[in-house]
Amino acid sequence: MTFTGLIGRICMFPLRLIIDLCVRWRIHPNTLTFIGVLINVAAAWALALGKFVTAGVIMVIANIFDFIDGKVAVESQTMSAFGAFWDSVIDRFSDISLFIGLIFLYATLDRRDYVMVTALAMMFAIMTSYTRARAESLIKKCKVGFMERPERVVLFMIGAFTNRMAAVMWVILILSIFTVADRIILTYRELRDVEVMV
Amino acid sequence: MTPPLRVLWNAFYWTYERATWQYDVMVIAILSFIWLTPPDWLKDPMASGGGPIAWLIDVLK
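For clarity, every value in this text was computed on a predicted model and none was experimentally measured. (Residues numbered from 1 in each chain as written. Chains lettered and ligands numbered in written order. Predicted model: local features only at pLDDT ≥ 70, side-chain atom pairs only at ≥ 80, totals over all residues. Heavy atoms only, no water.)

A. Structural context of the confidence of the model for chain A. For chain A, per-residue confidence averages 94 on the pLDDT scale, and 99% of positions sit at 70 or higher. Ranking the elements of chain A by mean pLDDT puts helix H1 (residues 3-24) of chain A last, at 86, and helix H5 (residues 112-135) of chain A first, at 97. (pLDDT = per-residue confidence, 0-100. Helix = DSSP H or I, 4+ residues; strand = E, 2+ residues; numbered from the N terminus.)

B. Seen up close, the confidence of the model for chain B. All names here are of chain B. Summary statistics for chain B give a mean pLDDT of 89 and a share of 100% for residues scoring 70 or more. No element of chain B has a lower mean pLDDT than helix H4 (residues 51-60), at 77, and none a higher one than helix H2 (residues 21-36), at 95. Across the assembled chains, the prediction reports ipTM 0.88 with pTM 0.90.

C. Local environment of the side chain of threonine 4 of chain A. Among the secondary structure elements, threonine 4 of chain A is positioned in helix H1. Note on threonine 4 of chain A: relative accessible area 17%, which makes it buried. With residues up to four places along the chain from it excluded, the contact list for threonine 4 of chain A reads Ala19, Tyr23, Asp24 and Val27 of chain B. (Buried < 20%, exposed > 50% of the residue type's maximum accessible area, 1.4 Å probe, protein only. Contact = heavy atoms within 4.5 Å.)

D. Representation of the interface of chain A and chain B within the structure. Facing the 36 residues of chain A at the interface are 26 residues of chain B. For the pair chain A and chain B, the two sides together bury roughly 2700 Å², of which 67% comes from carbon and sulfur. Interface area lost by chain A to chain B is led by Thr4, Phe146 and Arg164 of chain A, which between them contribute 22%. Counting across the interface, chain A meets chain B through 2 salt bridges. Along the contact surface separating chain A from chain B lie 12 residue pairs in polar contact (both at pLDDT 80 or more). For the side of chain A that touches chain B, the secondary-structure elements that each account for two or more residues are H1, helix H4 (81-108), helix H6 (149-161) and helix H7 (165-197) of chain A. Counting residues per element, the side of chain A that touches chain B draws most heavily on H7 of chain A, which supplies 13 residues. (Buried area = accessible area lost by both parts, 1.4 Å probe. Salt bridge = Lys/Arg side-chain N within 4 Å of Asp/Glu carboxyl O. Polar contact = N/O pair within 3.5 Å; in protein donor to acceptor, adjacent residues only side chain to side chain.)

E. Molecular detail of a nonpolar patch on the surface. Residue and element names in this part refer to chain A. A cluster of nonpolar side chains, namely Val53, Val57, Val60, Ile61 and Phe161, defines an oily patch on the protein surface of about 390 Å² accessible area. At 4 residues, helix H3 (residues 52-75) tops the list of elements feeding residues into the nonpolar patch. Tracing the backbone through its elements, the reader meets valine 60 in helix H3. (Patch = residues over 30% accessible without salt bridge, like charges linked within 9 Å, V, L, I, M, F, W, Y side chains within 5 Å. Areas by Shrake-Rupley, 256 points an atom, 1.4 Å probe, with all protein chains shown as cover.)

Printed below as a string of structure tokens:
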């Protein structure tokens, strides 16, 4: 088993209990998704105040909701097309709110350089999701590139808990640019092949 | 494509799943950058100092 696979399995133990409780209490997955974004806004507020450890703790709680909503939907058989749409829309709000919290902090500190780095990281993080969504309206699957939402969320937490948010913003920015490029390349190749066949 | 170029291309054009050894290598590289790069080098607005590299240099002196 790989190192990251092992960490995933360890984290799954407590999550399993929470998922079972939500199914038993019949909490609707869309409600869990919405609670997740509200808690993420609180995390963004803590980031904006420069309280990174507090933000990290809040992000952990928010992302438990974020992670379990899909699993609860499957287990309680409440999956729906709207649920999938709602989840991905709300995820964007969560993503953007964290970036805005950081942009507010760096603006308060009069650090225009990191305002720009964070704003660009936010732009490419959103484009990562958009390129996939748009590509998958044209081709079957567009799941290439390293920097997807789970990676971003974990990096935000690592940056918050270890006070290395600047390095994290650089990593998110560079790898999100690569991810967007990967998705454009894949979509171009797939569509070119289709056009050649026609 | 030569092997070093192939490795670079595969790192850029990422098609590996999570929980593969390639993913682990990428994670280690990212964490190394985050934790080993001195905050002063990046002009981190919230952290300062030389980080673990400066600490290691001090210990070795």
